[in-house]
Amino acid sequence: MKKTSQICQSKLPDNTALKQQQLPAYRLQLSATGVLSGFFATGAFCLGVGIILILSAKSIKEIEIKYTKICANCAELREDAINFDKECTCSIPFYLSETMQGNVYLYYKLYGFYQNLYRYILSRSNSQLVGTDLKDVGNCAPFSKSHNGTPIAPCGAIANSIFNDTIILSYNLNSSIHMEVPMLRSGITWWTDKYVKFQNPSAINLSSAFTGTAKPPYWSKPVYELDLEDTENNGFLNDDFIVWMRTAAFPTFKKLYRRLNRVQYFIEGLPAGNYSFNITYNFPVTRFKGEKSVVLSTLTWSGGSSLFLGLAYTVTGAVTWLAAFSMMAIHLMLKEKRTLFIERDSKLSFLC
Amino acid sequence: MSSERDSETTFEEDSQPNDEVVPYSDDETEDELEDQGAAVEPEQNRVNREAEENRETFRKENGRCCPQQYTNFMLDGLLFSFFLKDCTWQVKANDRSFHEQPQFMNTKFFCIKESKYASNAIKTYKYNAFTFLPMNLFEQFKRAANFYFLVLLILQAIPQITTLAWYTTLVPLLLVLGITAIKDLVDDVARHKMDNEINNRTCEVIKDGRFKIAKWKEIQVGDVIRLKKNDFIPADTLLLSSSEPNSLCYVETAELDGETNLKFKMALEITHQCLQRENSLAAFDGLKSFMCEYLCESYFSEGFVECEEPNNRLDKFTGTLFWRNTSFPLDADKILLRGCVIRNTDFCHGLVIFAGADTKIMKNSGKTRFKRTKIDYLMNYMVYTIFVVLILLSAGLAIGHAYWEAQVGNYSWYLYDGEDFTPSYRGFLNFWGYIIVLNTMVPISLYVSVEVIRLGQSYFINWDLQMYYPEKDTPAKARTTTLNEQLGQIHYIFSDKTGTLTQNIMTFKKCCINGQIYGDHRDASQNNHSKTEQVDFSWNTFADGKLAFYDHYLIEQIQSGKESEVRQFFFLLAVCHTVMVDRIDGQLNYQAASPDEGALVSAARNFGFAFLARTQNTITISELGTERTYSVLAILDFNSDRKRMSIIVRTPEGNIRLYCKGADTVIYERLHQMNPTKQETQDALDIFASETLRTLCLCYKEIEEKEFEEWNKKFMAASIASTNRDEALDKVYEEIEKDLILLGATAIEDKLQDGVPETISKLAKADIKIWVLTGDKKETAENIGFACELLTEDMTICYGEDINALLHTRMENQRNRGGVYAKFVPPVHEPFFPPGESRALIITGSWLNEILLEKKTKRSKILKLKFPRTEEERRMRTQSKRRLEARKEQRQKNFVDLACECSAVICCRVTPKQKAMVVDLVKRYKKAITLAIGDGANDVNMIKTAHIGVGISGQEGMQAVMSSDYSFAQFRYLQRLLLVHGRWSYIRMCKFLRYFFYKNFAFTLVHFWYSFFNGYSAQTAYEDWFITLYNVLYSSLPVLLMGLLDQDVSDKLSLRFPGLYIVGQRDLLFNYKRFFVSLVHGILTSMVLFFIPLGAYLQTVGQDGEAPSDYQSFAVTIASALIITVNFQIGLDTSYWTFVNAFSIFGSIALYFGIMFDFHSAGIHVLFPSAFQFTGTASNALRQPYIWLTIILTVAVCLLPVVAIRFLSMTIWPSESDKDERYWI
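Residues numbered from 1 in each chain as written. Chains lettered and ligands numbered in written order. Predicted model: local features only at pLDDT ≥ 70, side-chain atom pairs only at ≥ 80, totals over all residues. Heavy atoms only, no water.

Looking at an unreviewed UniProt entry, one finds chain B named Phospholipid-transporting ATPase, with Lynx pardinus as its source organism. Looking at the Subunit (unreviewed entry) heading of the UniProt record, one finds this comment for chain B: "Component of a P4-ATPase flippase complex which consists of a catalytic alpha subunit ATP8B1 and an accessory beta subunit TMEM30A. The flippase ATP8B1:TMEM30A complex can form an intermediate phosphoenzyme in vitro. Also interacts with beta subunit TMEM30B." What UniProt records for chain B under Sequence similarities (unreviewed entry) is the sentence "Belongs to the cation transport ATPase (P-type) (TC 3.A.3) family. Type IV subfamily." (UniProt positions renumbered as here; feature names shortened; annotations may be inferred.)

As recorded by an unreviewed UniProt entry, chain A carries the name Cell cycle control protein and is attributed to Lynx pardinus. Of the comments in the UniProt record for chain A, the one headed Sequence similarities (unreviewed entry) reads "Belongs to the CDC50/LEM3 family." Quoted verbatim from the Subcellular location (unreviewed entry) heading of the UniProt record, the comment on chain A is "Membrane".

Here it is in structure tokens:
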């Protein structure tokens, strides 16, 4: 009896792999073969991806037209806020030398517009946009309430400063026939945005849903009249609005505006020929030295990628290979020396 | 007499130090040590002194209450002086109201008064239910790091400058605080339970004249209590009587000092006789004596104890019992200390003197010195550096923002925010904003993680089977959990000898009686044989059969009785000691306080002089079969100062004799001039010493009846003196211990522990210098040095005088060279010895004092110095003092330089204080990490002084272990502790820290790069939730596990190649250079992490034309790349991949994606639309092959150079561990 209790009380530590620090383990070793083969493989991979990316980026057709300068008179007009109700349009003709095959997307692009500024990015109310509480205008100051105290919907600086130029692309089949290129104004947002983040408040019709709210001060029409042609594309669910609300990462950004409706002439894409953009110029950018442009582009599997990533991959691959070769050279050079080391070391340690 | 002692200890300038003498001894308490430390800081010293003076005046005031008149009174015709100053603790038996008198009240708050007598309820817990939260938080916020984050939190609450969501700092901070709080809570709950358990223990107390059961917490000072067998003693109690004859009471003091042998306490005879029964005990106070009018009224008539104030000295107690008009001396032998257990005694009675918090055990607890590691200091400096960088970055970015606002922001209509701030004000606000955003540069979880890792390391030490000593069932124990990595950086080891290098198991080997050496292999007729049978002790019924002895001639001598000294010799061994005996199954069983004594008494027993029994006044011995009882007249105790003990007995025939045994040095001073065998014995002592045996000299003396009478009076007087009782006793002892007649000397063997030479050579190969500090003689020490291979034949050994000369010339040179420009000339290091030869230094304590100009100044001198008469004098004095200090410092530095050139240093004949001093010297002048290892109370100073103290739990009790940081049972485990655990801990901690700084820089600086593209507006590059969880969830586990489990080489290799240890000693793995490399690595990684996605994003759209170049997708891309990069990076840093590591690394990545997809899911957005704004980003962004390609490229560009650089540096400059690893596995 006494003996067993003594055994229980023994302070002998447990002989487990963890406690004795003997866990089975793989000792990470940078062996020459491993490292070199790894480098060669990585290099090959990078080069391959780089080349593919470059090729696919090259296949993209893209046209960008900066129109701030072209529409200089409109830009000037917009510099003064007094002229807010004066309409100003501007037509930009251009020639498409090659057909743009496949889906064609129309973007607007802004330069020097800081959508990522901290206090700007914060100035929105997600709970209002999700349609649950129109009166929640928490972070939206100073665009939270109108003069008479009614909450603004949608509130905040982002919504208030929505891009409000209208861009219409027309195809000049010949000098007399100008036809508007059919464009889709929906399906340009993320599914989650359209169906989760943005919801109209539930009511019989939109205008009643938004009663008791005011439009943002810079807007010309209330939120439920953003798209007069498509009632589904109105209120917070307006695609243009949603696109704008997804703030950009950098002061230079482009946002999807329209996509080509591939019908009639445009079933293959945009055929080569004369086109013109008819722009209703509303959005002032010159005061802060910004620029606007309009972009037409096709896409590939990797999106509308630029050359950067392809080049970066290629360079990385090349450098990796270079590094691999030089490491191999150094390794081989030192290998001879090291065999001497081993002999000396082993001799020494045996002496000890 | 006192002048004689002084001349012993104070050396003249040119006199040669005596190698044989231990310079002066001092068993200092911790307080004195601390005072000494304070002397370095004059400011502190002044404060201390003031406090001291205040206390003094307070005492005087306190004393006033009790009439001064009774300071002198007569007792048996002798005059006693009482200094009230020292004895202010007055206890009256069975009178609680006495202790509530106003003079015993201390003012606690303004007018709330509290008795100075603590109640017996103890309170070790820190918090209760109400105070836990505020007090714990307060404690935690006292730490700089936590406070920093609190400040951040407050900053974040200011709406103008907040740039991160409130939870980003709060959640990690709460987590960190929570972990610590839970730890504290668990500790405190355990303390509560313990307190409750202890406070509610019961014990019998006299109340209203009867013994009644009372709880411990109800006991008060002055209560009379009854204790039974195996009871814990509830408070420090004066033993009044016991059930055993001679008022003995046995106690076990394991809880106090860890010693398991029984100790006995003895009550005063008078109390023992008179206070046995309940009614007499209850009446202990009741008797009002006729003498009561005399002076202080009732004080003397009743049971009234006056003693010193509570203190922490376990072995000291001075007090006086006044009872029945007589005063009786009280000392530590009559005090039962709280925490001990009554054994082998049916019951005993006692008077409570100190209760609760005043008890010695409580006064002793909680006094720990806080040690910190080198890495701690380094880490703090680095955190400060980072903090400065943070401020600079924020300031720069704030300026940038102000500029940007002036240039762009002011003209951007869309940024209108209704506030009319100037750009510079906006910049100022942004400064704080950036402080908040970039705060993660200072890693919040750093300190907690470091603590977790250290705790883990400590557990690994505790768990190590190879440091478990099965014979005594002792595993290694890391008593401090904060020093582990320092174990990998040790430069100097200071080791005690006895019990540390040796086993401290004493066996009687040899003796020298009357000049004749016994103990070699001899037969009965004095012929030497190389192989002789063991001596047969069967003729002696008391022999225990454990002694192996080969000298038959000695037996022959004892039995024949030809030489009376032989019998006298063993008789002395049997009588002169403090060993306790009890009989178990008729067998004698000795309980000795020191192993030496035990060995000697059992040797005497085997040679026919068996110590049989002891009472308070008698001692019974069987002398070759005849039992004789001697009455003990006095026991002159052993202490480290006296180094001897004596006993005065009266033989049955009526003669009075003094028997004395002690260290040779002290005995030889007190011998009678006519001692014929003095020289022979001295030679024998030298021979014993050269055989590494421990020696003691034995002597005796006859005392005349009259002489004794006279002396006894002085002795009695001294023994109840209330001030300086010890000194008074020492003086009295000194008077009788003279003109002794030398009997001989004993030689006890103390074997080397297993594996000591191997360990020492291993450690030496690891470039660790080992100094042995011992109280032994020079010869013994030298021989031990050879035995444990610290000294080798090819070494040149230098002694004190050699190096003194060297130091002298050096000092001269320095002085000559010095002059005015000395301070501006950089000190040139020139070796003292020609290189190429290995040297050892053996130096005695006296030489040490001589060389270091450490002389004991007489007290009077200090007093004089304290009060200089004129200003002039004072200035002169301070000047000369300063000059002396400078000279001393120079000498000390030279000495340390010299000693460190020797490959082995042995300091012998050193006192505990000198041991600590030597450690301190090396610590101070070499800036090296020191480790002290020892087993006895005399090593405590040294253990506390060194950076790391290691205690050997051996034979000499637990005092060393109690004050140590690490403890184990055998010296040889030291190599595993240092070479394996220390090294691993160091490497792990360094890797951990390097990685930690790297990962936080890589993470945080992305914000910095991003600010150039967002108008310096303190916009973060990640989602708030990601920032919140990055440090606590996504990147913490792998690095923690690496910090716990990593092994660059296996333990076997670490032990096989001690050279691998050098990395730690030279701080190679974590220093400012390494730190900056980590930072640069972090900065470069953050650049790659930001700029590659930037390039990829500037010109892109998604697969289906939608824009992925939005802020949220960008944040997700960088975050994913970051998580993969840092987790792979830790994978590369981990050299010991267990499945746990693999699991944690891939688990962290998986966890990141899992949590991200959850937080980006539709459901959570509908519930909390404003808290989770990234809805759908993960799914939409990570659908794009383009983004994946970006992430892959980013990770590859971050990691490939690391692999390449590692590979190249390994190929071109392979480190020791790389080499060993590769060629030996």
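Another aspect to go through is the overall build of chain B. Of the regular secondary structure elements, chain B holds 41 helices and 38 strands. The burial tally for chain B puts 57% of its 1225 residues in the buried class. The contacts in chain B between residues at least 6 apart in sequence include a share of 74% that link residues at least 24 apart. Surface summary for chain B: the accessible area is close to 51300 Å², and the carbon and sulfur share equals 56%. (Helix = DSSP H or I, 4+ residues; strand = E, 2+ residues; numbered from the N terminus. Buried < 20%, exposed > 50% of the residue type's maximum accessible area, 1.4 Å probe, protein only. Contact = heavy atoms within 4.5 Å. Areas by Shrake-Rupley, 256 points an atom, 1.4 Å probe, with all protein chains shown as cover.)

Our focus in this paragraph is helix α18 (residues 678–690) of chain B. All names here are of chain B. In a regular helix each residue adds 1.5 Å, so 13 residues correspond to 18 Å; α18 covers 18 Å between its end C-alpha atoms and thus fits that length. Among the residues making up α18, those that are buried are Thr681, Ala684, Leu685, Phe688 and Ala689. For α18, the arc enclosing every buried residue in end-on projection is 140 degrees, short of the 170-degree limit, so these residues lie on one face. Elements in contact with the buried residues of α18: β20 (502–513), β21 (516–518), α17 (664–669), β29 (693–703), β30 (741–752) and α22 (778–787). One or two residues past the end of α18 sits Thr692, with phi positive at roughly 60 degrees. (Expected span 1.5 Å × (residues − 1). Arc of directions from axis to C-beta.)

The next subject is the interface of chain A and chain B. Counting residues at the interface gives 93 residues for chain A, matched by 105 residues for chain B. Where chain A touches chain B, the interface holds three salt bridges. For the salt bridge of Arg119(A) with Glu405(B), the shortest nitrogen-to-oxygen distance reads 3.1 Å. For the pair chain A and chain B, the interface holds 28 residue pairs in polar contact (both at pLDDT 80 or more). (Salt bridge = Lys/Arg side-chain N within 4 Å of Asp/Glu carboxyl O. Polar contact = N/O pair within 3.5 Å; in protein donor to acceptor, adjacent residues only side chain to side chain.)

Residues and elements named next belong to chain A. If you walk across this open sheet you meet the five strands as β2-β12-β5-β9-β8, and the pairing is antiparallel. The sheet is open, and its two borders are formed by β2 (62–66) and β8 (183–184), each paired with just one other strand. Of the pairings in the sheet, the one linking strand β5 (residues 105–111) to strand β9 (residues 253–260) comprises six bridges and is antiparallel in character. Residue Tyr108 lies in a different strand from β9, and its bridge partner there is Lys255. (Pairing = 2+ DSSP bridges.)

A few words now on the packing of aromatic side chains. Evaluation of the coordinates by the stated rule reveals 106 aromatic pairs over all chains. Ring centres of Phe94(A) and Phe277(A) lie 5.0 Å apart, and the angle between their planes is 20 degrees; on these two criteria the pair is classed as stacked. Here Phe277(A) lies in strand β11 (residues 273–280) and Phe94(A) lies in strand β3 (residues 89–96), a separation of 183 residues in the sequence. Both residues of the pair, Phe94(A) and Phe277(A), belong to the buried class. Here the aromatic rings of Tyr1097(B) and Phe1114(B) are separated by 5.2 Å at their centres, their planes lie at 75 degrees, and the arrangement is edge-to-face. Of the two residues, Tyr1097(B) is situated in helix α35 (residues 1072–1098) and Phe1114(B) in helix α36 (residues 1111–1133); the sequence distance between them amounts to 17 residues. (Phe/Tyr/Trp six-rings, centres within 6.5 Å; stacked < 30°, edge-to-face > 60°.)

Residue and element names in this part refer to chain B. Relative to strand β7 (residues 210–215), strand β6 (residues 202–207) runs antiparallel, the two sharing six bridges. The residue of β7 that forms the bridge with Lys207 is Arg210. Connecting β6 to the next strand, β7, in antiparallel fashion are two residues, including Asp208 with a positive phi near 50 degrees.

Another point: the nonpolar core. Formed by 197 residues in total, the largest nonpolar core has its most connected members in Trp244(A), Leu270(A) and Phe277(A). The biggest single contributor to this core is helix α30 (residues 973–1011) of chain B, with 18 residues. Beyond its immediate stretch of four places on either side in the chain, Leu270(A) contacts Leu96(A), Glu98(A), Thr99(A), Met100(A), Val104(A), Leu169(A), Val181(A), Leu260(A), Tyr275(A) and Leu296(A). Counting 53 residues, the second largest nonpolar core, distinct from the first, contains Ala93(B), Ala235(B), Leu351(B) and Phe354(B). (Core = buried A, V, L, I, M, F, W, Y, C linked by side-chain atoms within 4.5 Å.)

Moving on, we come to the state of the cysteines. Residues and elements named next belong to chain A. Counted by the stated rule, this structure contains three disulfides over all chains. In this model, Cys74 is linked to Cys88 through a disulfide, with the two sulfur atoms separated by 1.7 Å. Taking the torsion about the sulfur-sulfur bond, which here is approximately -80 degrees, the covalent link between Cys74 and Cys88 counts as left-handed. With a gap of 14 residues between them, Cys74 in helix α3 (residues 72–79) and Cys88 in the loop between α3 and β3 connect regions that are remote in the sequence. Taken as a pair, Cys74 and Cys88 share a single burial class, namely buried. (Disulfide = S-S within 2.5 Å.)

A word on the pattern of salt bridges. Residue and element names in this part refer to chain B. If you walk through the whole model with that rule in mind, you get 48 salt bridges over all chains. As a salt-bridge pair, Asp664 and Arg909 come within 3.9 Å of each other at their nearest N and O atoms. Highlighted residues: Asp664 in helix α17 and Arg909 in the loop between β34 (904–908) and α27 (912–926), separated in sequence by 245 residues. Across the pair Lys714 and Glu735 runs a salt bridge, and its minimum N-O distance is 2.8 Å. Separated by 21 residues along the polypeptide, Lys714 in helix α19 (residues 705–719) and Glu735 in helix α20 (residues 725–736) bring together distant segments of the chain. Residue classification places Glu735 among the partly exposed positions, given a relative accessible area of 28%.

For Thr280(A), the location among the structural elements is in strand β11. With sequence-adjacent residues up to four places away left out, Thr280(A) is seen in contact with Glu87(A), Cys88(A), Thr89(A), Asn164(A), Asp165(A) and Thr166(A).

Okay, the pairing of strand β8 (residues 224–228) of chain B next. Residue and element names in this part refer to chain B. Among the five residues in β8, four count as buried, and that is most of the element. When β6 meets β8, the two strands line up antiparallel, connected through two bridges. Bridge pairing in β8 places Val205 opposite Ile225. Examined bridge by bridge, β8 and strand β17 (residues 347–354) share five bridges and lie antiparallel to one another. Bridge assignment links Lys228 to a residue of β17, and that residue is Phe347.

Note on placement: Glu405(B) falls in helix α11 (residues 374–407). A relative accessible area of 1% places Glu405(B) in the buried class. With 610 residues separating them in the primary sequence, Glu405(B) and Gly1015(B) have C-alpha atoms 7.7 Å apart. In this view, Glu405(B) contacts Arg119(A), Asn410(B), Pro423(B) and Arg426(B); residues no more than four positions away in its chain are not counted.

Before going further, it helps to examine the domain arrangement of chain B. When cut into domains, chain B gives domain 1 (467–500 + 754–816 + 833–854 + 880–970), domain 2 (507–523 + 535–752) and domain 3 (984–1224). Taking only C-alpha atoms into account, the centre of domain 2 of chain B sits 73 Å from that of domain 3 of chain B. (Domains from an automatic or database assignment.)

Turning next to the UniProt feature "transmembrane region" (unreviewed entry) in chain A. All names here are of chain A. The feature "transmembrane region" (unreviewed entry), as annotated in UniProt, sits at residues 35–57 and 318–334 in this numbering. Across residues 35–57, helical content stands at 100% and strand content at 0%; the span's end C-alpha atoms are separated by 32 Å. Spanning residues 318–334, this segment combines 100% helix with 0% strand, and its end C-alpha atoms are found 24 Å apart.

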